[in-house]
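Descriptive structure summary
Each chain, letter by letter, is given below.
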Amino acid sequence: MSADSPSTVSSRPCPLCGKPANHDFRPFCSRGCRDRDLHNWFDEDYRIPVTPGADEGDDAPGGFGEARDDG
Ligand SMILES: [Zn+2]
């Protein structure tokens, strides 16, 4: 009763929503889920400890560029 299935049918459900994965977007079920996962990755990448405004303080982390001669 099932329509023609592509090569192999993945039995693994979408890791995001749990729907049956799509052959084109494995292991996700759709591009939406795949994109979302991608965003998650980017999100984590962007989660660097950045301190806006507190850059010109004497609380330097130390290490990189210690000897900065100004002119
Ligand atoms: Zn999904």
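Note that the structure is predicted; figures quoted are calculated from it, not measured.

What counts, and at which threshold
- Residues numbered from 1 in each chain as written.
- Predicted model: local features only at pLDDT ≥ 70, side-chain atom pairs only at ≥ 80, totals over all residues.
- Heavy atoms only, no water.
- Helix = DSSP H or I, 4+ residues; strand = E, 2+ residues; numbered from the N terminus.
- Buried < 20%, exposed > 50% of the residue type's maximum accessible area, 1.4 Å probe, protein only.
- Contact = heavy atoms within 4.5 Å.
- Areas by Shrake-Rupley, 256 points an atom, 1.4 Å probe, with all protein chains shown as cover.
- UniProt positions renumbered as here; feature names shortened; annotations may be inferred.
- Donors = N, O, S within 2.8 Å, 3.2 Å for Na, K, Ca; no water.
- Tetrahedral: all angles 85-135°; square planar, octahedral: opposite > 155°, others 65-115°.

Let us now look at the overall build of the protein chain. Assigned secondary structure in the protein chain consists of one helix and zero strands. Buried residues in the protein chain amount to 7% of all 71 residues. Look at the contacts in the protein chain between residues 6 or more apart in sequence, and 0% of them connect residues 24 or more apart. When the accessible surface of the protein chain is split by element, carbon and sulfur atoms take 49% of a total near 7100 Å².

The subject of this paragraph is the UniProt feature "binding site: Zn(2+)" (unreviewed entry) in the protein chain. As annotated by UniProt and renumbered to match this structure, "binding site: Zn(2+)" (unreviewed entry) occupies C14, C17, C29 and C33. In summary, the annotated positions, though distributed over 20 residues, converge in three dimensions, the widest C-alpha pair being only 8.1 Å. Discounting chain neighbours no more than four positions away, the residues touching C17 are C29 and C33. Mapped onto the elements of the fold, C33 is located in helix α1 (residues 31–46).

What follows deals with the coordination of the zinc ion. Taken together, the protein ligands of the zinc ion are C14 (SG), C17 (SG), C29 (SG) and C33 (SG), with distances of 2.3 to 2.4 Å. Coordination at the zinc ion is tetrahedral: its four donor atoms span angles of 99 to 118 degrees at the metal. Between consecutive donors of the zinc ion, the numbers of intervening residues give the motif C-x2-C-x11-C-x3-C. Highlighted residues: C17 in the segment before α1 and C29 in the segment before α1, separated in sequence by 12 residues. C17 gets classed as partly exposed once you look at its relative accessible area, which sits at 38%.

Here the focus is the environment of C14. Position of C14 among the secondary structure elements: in the segment before α1. C14 sits in the buried class, given a relative accessible area of 4%. C-alpha separation for the pair C14 and F28, spaced 14 residues apart in sequence, amounts to 4.5 Å. Excluding residues within four positions of it along the chain, C14 makes contact with K19, A21, P27, F28, C29 and C33.

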